[in-house]
Amino acid sequence: MAVSEGWIEVFYSNTSWKRAYVVYKKNGAKDWSEPEAMMDAEHIRHTFRVFRIQASKLEFYVTNGGKKFEKREDCWGQNFRVEHSGRYVVQNGGAVMRVGDADLLECELARSTTTEQYIEVLFNADLWSKCYMVYGKNNEPFTDAPGSEMDRLANGQFSFRIEAKRLAFALNDGGDVWDNNGENNYKIGYPGKYLVRDGKPHYISPSDADTKGVFSPISPVSNF
């Protein structure tokens, strides 16, 4: 995991809220921010949302964005306070706990992919003559098995492109052989080109569709 000293990540889960927003003051500022929506973090942990900001200190509370923000999560009537950069989880009972360093790659992806629209997946399966993907994009229900047939590139890699911000998926040979990440499915949280390897989609670069045009072919990548 890449480490960043200049980012704060705040994770929060409340399945009864359709939306969650953070209202904050960073680095000792006097004025409160406008509410900023927390982003889906399903690819990191089920039901979680995340807020990311470049800051070393943060005072904040979480709200559902309803009328006058009457529903809010805070520290027993006081605002949450974070005194160091890192990754934090808002816990039930009014506490915020530091669980590690901020993930620089996740933070930079969240910032850099805001205008990108496509996810491209590359996969190696030497013993499969065909490869299919069942998927759910942007938290939608999964498609039916066997799913969409992936294209095969000149180097033998299978490829798939879709317009989506998030993607959960599993792969199969069109029959009974599956690669579904140990029944946990693969999850991608941002647009870009990814190579599935060692039980994880690895980010490679922006998608060819976003950099070269939607009709451009997907270029293969090495297994690095």
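Look above for the structure.
Bear in mind the structure is a predicted one, so any value in this text is a computation, not a measurement. (Residues numbered from 1 in each chain as written. Predicted model: local features only at pLDDT ≥ 70, side-chain atom pairs only at ≥ 80, totals over all residues. Heavy atoms only, no water.)

A. Region of interest: the sheet that holds strand β22 (residues 200–205). Pairing in this open sheet of 5 strands is mixed, and the strands run β16-β17-β13-β21-β22 from one edge to the other. For this open sheet the edge positions go to β16 (151–152) and β22, each flanked by a neighbour on one side alone. (Pairing = 2+ DSSP bridges. Helix = DSSP H or I, 4+ residues; strand = E, 2+ residues; numbered from the N terminus.)

B. Spatial organisation of the packing of aromatic side chains. Applying the stated criterion across every chain, the model contains 8 aromatic pairs. Geometry around Y61 places R72 over its ring, the cationic atom sitting 3.7 Å from the centre. (Phe/Tyr/Trp six-rings, centres within 6.5 Å; stacked < 30°, edge-to-face > 60°. Lys NZ or Arg CZ within 6 Å of the ring centre and 35° of its normal.)

C. Region of interest: unusual backbone geometry. Across the junction of A145 and P146, the peptide omega takes the value 5 degrees, indicating a cis bond. Tracing the backbone shows P146 in the loop between β14 (132–137) and β15 (148–149). Look at E183: it is not a glycine, yet its phi comes out positive at around 70 degrees. In this structure, E183 sits in the loop between β19 (178–179) and β20 (186–188).

D. Spotlight on helix α1 (residues 104–112). For α1, every residue scored as buried is listed here: E106, C107 and L109. End-on, the buried residues of α1 take up no more than an arc of 165 degrees, which puts them together on one face. On its buried face, α1 is in contact with β2 (7–12), β6 (49–54), β10 (86–91), β12 (102–103), β21 (192–197) and β22. Measuring from the side-chain oxygen of the N-cap residue of α1 to the backbone nitrogen of L105 gives 3.0 Å; that N-cap residue is D103. (Buried < 20%, exposed > 50% of the residue type's maximum accessible area, 1.4 Å probe, protein only. Arc of directions from axis to C-beta. Contact = heavy atoms within 4.5 Å. Polar contact = N/O pair within 3.5 Å; in protein donor to acceptor, adjacent residues only side chain to side chain.)

E. Representation of the pattern of salt bridges in the model. In this structure the tally under the stated criterion is 14 salt bridges. The closest approach of N and O atoms between R52 and E106, which form a salt bridge, is 3.4 Å. Of this pair, R52 sits in strand β6 while E106 sits in helix α1, and the two are 54 residues apart along the sequence. Here the two residues R52 and E106 agree in accessibility, since each one is buried. The shortest N-O distance in the salt bridge between E83 and K57 comes to 3.9 Å. Of this pair, E83 sits in the loop between β9 (80–82) and β10 while K57 sits in the loop between β6 and β7 (58–63); the two residues are 26 residues apart in sequence, bridging distant segments of the chain. Its relative accessible area of 44% is what places E83 among the partly exposed residues. Note on K57: relative accessible area 43%, which makes it partly exposed. Beyond isolated ion pairs, a larger network of salt bridges with shared partners links E9, R52, R87 and E106. (Salt bridge = Lys/Arg side-chain N within 4 Å of Asp/Glu carboxyl O.)

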